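Structural overview for review
Below, each chain spelled out in residue letters.
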Amino acid sequence: MMIFKTIDWVNNKVRLIDQTQLPGRSHYLDIDNVDDMAEAICSLRVRGAPAIGIAAALGVVLAADQSIQENMELFLENVRNAMDVLGRTRPTAVNLFWALNRMEKVLDRIENLKPADIRERLLQEALEILNEDRRICYQLGAFGAELIPDPAHILTHCNAGGLATSEYGTALAVIYQAAEQGKKVEVFADETRPLLQGARLTSWELQTNHIDVTVLCDSAAAYLMQQGEIDCVIVGADRIAANGDVANKVGTYMLAVLAEKHQIPFYVAAPVSSFDLSVISGGEIPIEQRDRSEVATYMGKMTVPESVKVYNPAFDVTPNSLVKAIITEKGILRPPFHVSITNILQKNK
Ligand code: MRU
């Protein structure tokens, strides 16, 4: 179904679609060094929790390539420094740290290997993360599709689609699968201020995949729900705490409150790698604050007076009490989430 590739390993480089250029241009970047990869993550050329994890894992391979001629000590030092650089790019999506942790574990098992062999193992692990993500998104979509009525009017926020993963997505995977099962689905995509992931990315990828989509300003969601136009809300997640509190793109919490007010089911779709059991509740999740210019300028023009302060958190936290179910590749989790999350994670150790 997907006719574009979000991120891939091609000719020893990382090829990714530059999401800052969409929907105007489908421009692919070939990245061959870790600094450019860190820049691509920070500036949202590649974005979305699972895709950030894949990008960071492949970024570690680039760092290994850059130092492959060095002696063992310097090689390992450079690879570890690269992991630190990548780990400082974006703080909220736990998939970044989850993927870097997997890469780090490869370094724990290197015995007497040479840099070239270690690089091979790092590449294998990064490609495994990429390929696993593909399988996970399809499985998650299949579980989630059961929750979608026919016909369905679905509201989503930001982009939790193929562009946010290796392909297919999380929240949008559920929608793609429901459509493939023959259900009539109509999607409403919040534009998602300030960086417009909904308007620029979600609508582009849904249209590309022939799904009916309408874009609305974030502030129109309440009225849309009040009019009885929405059957369910589905969003992705950047990090889910042990108690089921969900960090996702800023504005998600607002939708969850509105959904409860209008008795509309609010679903979260995320892979198991987005759960962080070291975080007991959402208040402990670090929330990225981004540059004032994202809010204070629009299409190169100043929209806020220069000396006025700007509040620009990239994410917010939705309390678990507002979440009807969490859709994962292992099945659908229901409240009480502190129990269902622990069960599913233990079962699959
Ligand atoms: O700042 P972004 O664009 O990386 O934020 C992305 C989101 O908030 C997504 O909803 C989330 O990462 C889930 S992606 C499957």
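Bear in mind that the values here come from a model prediction, so they are computed numbers and not experimental data. (Residues numbered from 1 in each chain as written. Predicted model: local features only at pLDDT ≥ 70, side-chain atom pairs only at ≥ 80, totals over all residues. Heavy atoms only, no water.)

**Some details on the packing of helix 3 (residues 72-87) against helix 4 (residues 94-107)**
Where we set the bar: Lines fitted to the C-alpha atoms define the axes, with helices restricted to the stretch that makes contact. Angles between their N-to-C directions range from 0 to 180 degrees. What counts as a helix is a DSSP run of H or I of at least four residues, what counts as a strand is a run of E of at least two, and both are numbered from the N terminus. Any angle from 65 to 115 degrees is called roughly perpendicular, while one under 35 is roughly parallel, one over 145 is roughly antiparallel, and all others are oblique. Throughout, a residue-residue contact means that at least one pair of heavy atoms, one from each residue, lies within 4.5 Å. The residue classification treats Ala, Val, Leu, Ile, Met, Phe, Trp, Tyr, Cys and Pro as nonpolar and Asp, Glu, Lys and Arg as charged. All others, Gly included, are polar.
Closest axis-to-axis distance for the helix 3/helix 4 pair is 10 Å, and the angle between their directions is 170°. Judged by the angle between their axes, helix 3 and helix 4 are roughly antiparallel. On helix 4, the residues touching Leu76, Val79, Arg80, Met83, Leu86 and Gly87 of helix 3 are Leu96, Phe97, Leu100, Met103, Glu104 and Leu107. Partitioned by chemical class, the residues of the contact of helix 3 with helix 4 number nine nonpolar, one polar and two charged.

**Thoughts on the site of the ligand**
Keep this limit in mind: For this purpose, a residue is taken to be near a molecule or strand whenever a single non-hydrogen atom of the residue falls within 4 Å of it. Polar contacts, as used here, are pairs of N or O atoms within 3.5 Å; protein pairs need one atom able to donate a hydrogen and one able to accept it. Residues neighboring in sequence count only if both atoms are side-chain atoms. The accessible surface values rely on the Shrake-Rupley method and a 1.4 Å probe; as for residues, cover is taken only from the protein chains in view. Within this scheme a cavity is a closed region of a 1 Å grid, computed over the protein atoms alone, that accommodates a 1.4 Å probe without allowing it to escape, whereas a pocket is open but has protein on both sides within 12 Å along at least five of seven lines; lining residues each have an atom within 4 Å of a point. To decide whether a molecule occupies a pocket or cavity, check its atoms: if more than half lie within 2 Å of the grid points, it is inside. For every domain, the bounds stem from an assignment made automatically or drawn from a database.
The environment of the ligand is formed by 18 residues, the closest being Arg47, Ala49, Arg90, Asn248 and Lys249. Between the ligand and Arg47 there is a distance of 2.5 Å, counted from an oxygen atom to a side-chain nitrogen or oxygen. Residue Lys249 places a side-chain N or O atom 2.8 Å away from an oxygen atom belonging to the ligand. For the ligand, the protein covers 100% of the area, taking 420 Å² as the surface of the free molecule. Counting atoms within 2 Å of the grid points, the majority share of the ligand lands in the largest cavity. Elements with a minimum of two residues in the shell around the ligand: helix 2 (49-66) and strand 9 (246-249). Classifying every residue of the shell around the ligand gives eight nonpolar, six polar and four charged. In this structure, the shell around the ligand is formed jointly by two domains, domain 1 (7-137) and domain 2 (142-347), each of which donates at least three residues.

**Digging into the domain arrangement of the protein chain**
Going by this rule: We define buried area as the total accessible area lost by two parts upon association, computed with a 1.4 Å probe and summed across both. Definition used for salt bridges: Asp or Glu carboxyl oxygen within 4 Å of a side-chain nitrogen of Lys or Arg.
What the domain assignment lists for the protein chain is domain 1 (7-137) and domain 2 (142-347). Taken together, the 29 residues of domain 1 in the interface contact 33 residues of domain 2. Interface area for domain 1 against domain 2, summed over the two sides, is near 2,400 Å², with a carbon-plus-sulfur share of 56%. For domain 1, the biggest contributors to the area lost against domain 2 are Arg47, Thr92 and Cys137; these three give 26% of the whole. Arg90 is the salt-bridge partner of Glu288, the closest N and O atoms lying 2.9 Å from each other. Seen at the junction of domain 1 and domain 2, the total is 16 residue pairs in polar contact (both at pLDDT 80 or more). Looking at the side of domain 1 that touches domain 2, the elements with two or more residues in it are helix 2, helix 4 and helix 5 (115-145). Broken down by element, the side of domain 1 that touches domain 2 gets its largest block of residues, five residues, from helix 5. In the side of domain 1 that touches domain 2, the residues fall into 18 nonpolar, seven polar and four charged.

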